[in-house]
Amino acid sequence: MKKAMIIIATFAVLLVLITAGTNHAVDGMKGYRAPMFRIENNDSTVALDQLKGQWVLLQFWKSSDASSRIAVKQYTDMESKLDSLTVERFNHLAVNMDRNERLFNEVVRRDGLSAESQFHASGSRAEKLISDYHLKSGMHAYLIDPSGKIVAKNPSEEEMIRLSRQRETTEQN
């Protein structure tokens with residue numbers, strides 16, 4: 001009985017260490033590396049790993065999710081305001097999860113969203129993003145620091161300014 005307990009305990013410790021080392025159990029959560037992906041819009045492609053070294057506000061939204069649709073407009077408007085307040089620029093990537101790409105394009109046009117920062121994901125690509133970023137409970141935004149770590153979920157304007165300035169102060173010292 002004692003030997004069996006030791007084997008079970010050893011197996012449990014090894015499982016925890018392996019999971020922690022790969023970050024797969026914690027992808028898409030504050031404090032961990034943002035899961036990498038590549039996505040295209042009509043005329044360009046962006047990969048999250050290409051933006052390493054820069055601040056990224058990664059937002060997921062659906063036309064049918066009113067709060068995320070409102071937030072995408074607010075974050076778009078906030079982007080230009082933050083550019084004038086902080087030294088480091090925030091790259092806003094908004095990924096729409098609508099099943100219908102025509103609906104996505106119409107909403108972008110009607111809501112006056114910046115076409116350069118808007119991307120559409122559907123099918124298996126959307127399912128992978130939903131899984132990696134734990135979006136089963138709704139659409140969210142993630143602030144990713146220049147090292148690639150998620151530092152805030154659904155950040156406010158004040159939080160984005162504070163985190164940006166905090167990094168500036170750290171780098172100057």
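Basis of the calculations
- Residues numbered from 1 in each chain as written.
- Predicted model: local features only at pLDDT ≥ 70, side-chain atom pairs only at ≥ 80, totals over all residues.
- Heavy atoms only, no water.
- Buried < 20%, exposed > 50% of the residue type's maximum accessible area, 1.4 Å probe, protein only.
- Helix = DSSP H or I, 4+ residues; strand = E, 2+ residues; numbered from the N terminus.
- Contact = heavy atoms within 4.5 Å.
- Core = buried A, V, L, I, M, F, W, Y, C linked by side-chain atoms within 4.5 Å.
- Pairing = 2+ DSSP bridges.
- Axes fitted to C-alpha atoms, helices over the stretch in contact; angles between N-to-C directions.

A. Expanded view of helix α4 (residues 123–132). For α4, the full list of buried residues reads A126, L129, I130 and D132. Those residues of α4 hidden inside the fold are in contact with β3 (55–61) and β4 (90–96). With its phi angle positive at about 55°, H134 sits one or two positions after the end of α4.

B. Quick look at the nonpolar core. Judged by nonpolar contacts, the single largest core of 23 residues is most densely connected at L58, F60, M97 and Y133. When residues of this core are traced back to their parent elements, those giving at least two are β3, β4, α4 and β6 (141–144). Excluding anything up to four places from it in sequence, M97 contacts F60, W61, K62, A121, A126, L129, I130, L135 and M139. Core analysis: the next-biggest nonpolar cluster, separate from the first, contains 13 residues, M78, L143, I161 and L163 among them.

C. Representation of the environment of E79. On the secondary structure map, E79 appears in helix α2 (residues 66–85). Owing to a relative accessible area of 14%, E79 belongs among the buried residues under this scheme. Ignoring any residue separated from it by four or fewer positions in sequence, one finds E79 in contact with R89, F90 and H92.

D. Structural detail: the sheet that holds β4. Read from one edge of the open sheet, five strands run β5-β4-β3-β6-β7, paired in mixed fashion. This sheet does not close on itself; its edge strands, each paired only once, are β5 (118–120) and β7 (150–153). Looking at each pair of strands side by side, their axes are set apart by 25° on average, direction ignored. The sheet contact formed by β6 and β7 spans three bridges and is antiparallel. Opposite I144, over in β7, you have I150 as the bridge partner. Running at roughly 165° to β5, helix α3 (residues 101–111) makes contact with β3, β4 and β5 of the sheet.

These values are about where atoms sit, not about what they do.
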